[in-house]
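Topology and contacts: notes
One-letter residues, chain by chain:
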Amino acid sequence: MAETMIKADNLVKIYKTKETEVLALQGLDLTVEEGELTAIIGNSGSGKSTFLNMIGGLDKPSAGSLFVAGKNLFTMSEKELVRYKRDTVGFVWQNNARNMLPFLSALENVMMPMSLSSTKAKREKALMLLETVGMSHKKGSRMNMLSGGEQQRVAIAIALANSPKLLLADEPTGSVDSRTANYIFDVFSELNKNGQTILIVTHDTALSKKVKRVVAIRDGKISSERVLKEAFKERLKESGIDWRNEDSQDEFVVLDRAGRLQLPEDMLKGLSLDDNKVKVFVRGGEIIISKP
């Protein structure tokens, strides 16, 4: 039985300044099991990056509860939080400058996080990780000698240096071409097959359509989930599929604990509503929502 890796319950995040108060998360509920590869999608300002930063220990929730790998992120001391960020989670940033130190080689960059842990045979492990992401041939290269896709692959190796239970990736294919994006996804897919739990925030349509579970955040809450259809689960590496246009997933609207739901925007547009009122009735075991 897989254990729960992420358990967010009624998660709230409020950012305050002297003039304004912004509700970034408003009652978000999400469970991710150990060994899952999950993508989070949503428009800018939806709350997805805020949520990722909370899971990474970089931001603190305002209310609710958040457990990662059995650790309560609400009650951690600063010392416990440092250990958590070092040992429990690994982070791959969209901005490559945040992933690598430019004056070190790829190998030295992968070894750097291990210097803060008790990992033995650091060089051997770093070489193995570079081999895993297909970058062992560039082990002596510095950041300015690598392409954007190569830097992202090294970044994945760095994030795995201390064997984290959870790998977090923020727009990992956002600055690379489609061929490189496919390769990076293949790396994540292979890591996941070997048991690595991975959570990806992405705007990449082709990438999100290849993930077995996609969670959509809208206005600070989970609005829907998409699940990869059985017919596509064995076809992830087929080069002939146009993933941007393929209907590869079933979409489900998510009910919260109060029975509320958020309808996908394209469905609402299809109703051509004049205001915010709809008719709701039950017919033949189905709930029907229609324009008044």
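Everything below is about the structure printed above this text.
A brief structural summary. (Residues numbered from 1 in each chain as written. Predicted model: local features only at pLDDT ≥ 70, side-chain atom pairs only at ≥ 80, totals over all residues. Heavy atoms only, no water.)

**Some thoughts on the overall build of the protein chain**
- For the protein chain, the count of helices and strands is eight helices and 13 strands.
- For the C-alpha atoms alone, the extent of the protein chain along its principal axes is close to 65 × 50 × 45 Å.
- Partitioning the intrachain contacts of the protein chain with sequence separation of at least 6 by distance along the chain shows that 64% fall at a separation of at least 24.
- For the protein chain, the exposed surface amounts to about 15,700 Å²; the carbon and sulfur share of it is 50%.
- Taking the 42 positively charged and 38 negatively charged side chains of the protein chain as two groups, their mean positions are separated by 4 Å. (Helix = DSSP H or I, 4+ residues; strand = E, 2+ residues; numbered from the N terminus. Contact = heavy atoms within 4.5 Å. Areas by Shrake-Rupley, 256 points an atom, 1.4 Å probe, with all protein chains shown as cover. Lys, Arg positive; Asp, Glu negative; His and termini not counted. Charge placed at Lys NZ, Arg CZ, Asp CG, Glu CD.)

**Quick look at helix 6 (residues 178-193)**
- Between the first and last C-alpha of helix 6 there are 22 Å, a value that for 16 residues agrees with the 22 Å anticipated at 1.5 Å per step.
- Taken as a whole, helix 6 has its buried residues at Ala181, Ile184, Phe185, Val187, Phe188, Ser189, Leu191 and Asn192.
- The N-cap of helix 6, judged by a side-chain oxygen 3.2 Å from the amide nitrogen of Arg179 a few residues on, is Asp177.
- Gly195 occupies a position one or two residues after helix 6 and carries a positive phi of about 105°. (Expected span 1.5 Å × (residues − 1). Buried < 20%, exposed > 50% of the residue type's maximum accessible area, 1.4 Å probe, protein only. Polar contact = N/O pair within 3.5 Å; in protein donor to acceptor, adjacent residues only side chain to side chain.)

**Some thoughts on the side chain of Glu150**
- Summarising the element assignment, Glu150 is placed in helix 5 (residues 148-159).
- One polar contact links the side chain of Glu150 to the main-chain amide nitrogen of Ser147, over a distance of 2.9 Å.

**Regarding a nonpolar patch on the surface**
- On the surface, Val278, Val280, Val282 and Ile287 cluster together into a nonpolar patch covering about 390 Å² of accessible area.
- The residue Val282 is located in strand 12 (residues 279-283) in this model.
- By relative accessible area, which is 66% here, Val282 ends up exposed. (Patch = residues over 30% accessible without salt bridge, like charges linked within 9 Å, V, L, I, M, F, W, Y side chains within 5 Å. Salt bridge = Lys/Arg side-chain N within 4 Å of Asp/Glu carboxyl O.)

**With respect to the sheet that holds strand 8 (residues 197-201)**
- Strand order in the open sheet formed by seven strands is 6-7-8-3-9-10-11, with mixed pairing between adjacent strands. The open sheet is flanked by strand 6 (89-92) and strand 11 (249-253), the only strands paired with a single partner. Each strand axis lies, on average, 20° off the axis of its neighbour in the sheet, ignoring direction.
- Sitting on the sheet, helix 5 is in contact with strand 6 and strand 7 (166-170), with an inclination near 165° to strand 6. (Pairing = 2+ DSSP bridges. Axes fitted to C-alpha atoms, helices over the stretch in contact; angles between N-to-C directions.)

**So, the environment of Gly220**
- By the secondary structure assignment, Gly220 is in the loop between strand 9 (213-218) and strand 10 (221-228).
- Residue class for Gly220 comes out buried when judged on its relative accessible area of 0%.
- Distance from Gly220 to Ala24, taken between C-alpha atoms, is 5.6 Å for residues 196 residues apart in sequence.
- Leaving out residues up to four positions away in the same chain, Gly220 has contacts with Ala24, Leu25, Gln26, Gly27, Leu28 and Ser46.

**Notes on the pairing of strand 2 (residues 21-33)**
- Bridge count between strand 1 (residues 4-16) and strand 2: ten bridges; the pairing is antiparallel. Paired with Ala8 across the bridge in strand 2 is Leu30.
- Hairpin connection of strand 1 to strand 2: four residues between the antiparallel strands.

**Considering unusual backbone geometry**
- Backbone geometry at Asn10 places phi at a positive 50°, although glycine is not the residue there.
- Taking the relative accessible area as the measure of exposure, Asn10 reaches 35% and is therefore partly exposed.
- One non-glycine residue, Asp219, lies in the positive phi region at around 55°.
- Overall, the relative accessible area of 46% leaves Asp219 in the partly exposed class.

**Overview of the side chain of Thr197**
- Here Thr197 is to be found in strand 8.
- A residue is classified by how much of its surface remains accessible, and Thr197, at 1% relative accessible area, is buried.
- Contacts of Thr197, omitting those with residues within four sequence positions, involve Met5, Val32, Glu33, Glu34, Gly35, Glu36, Lys165, Leu166 and Leu167.

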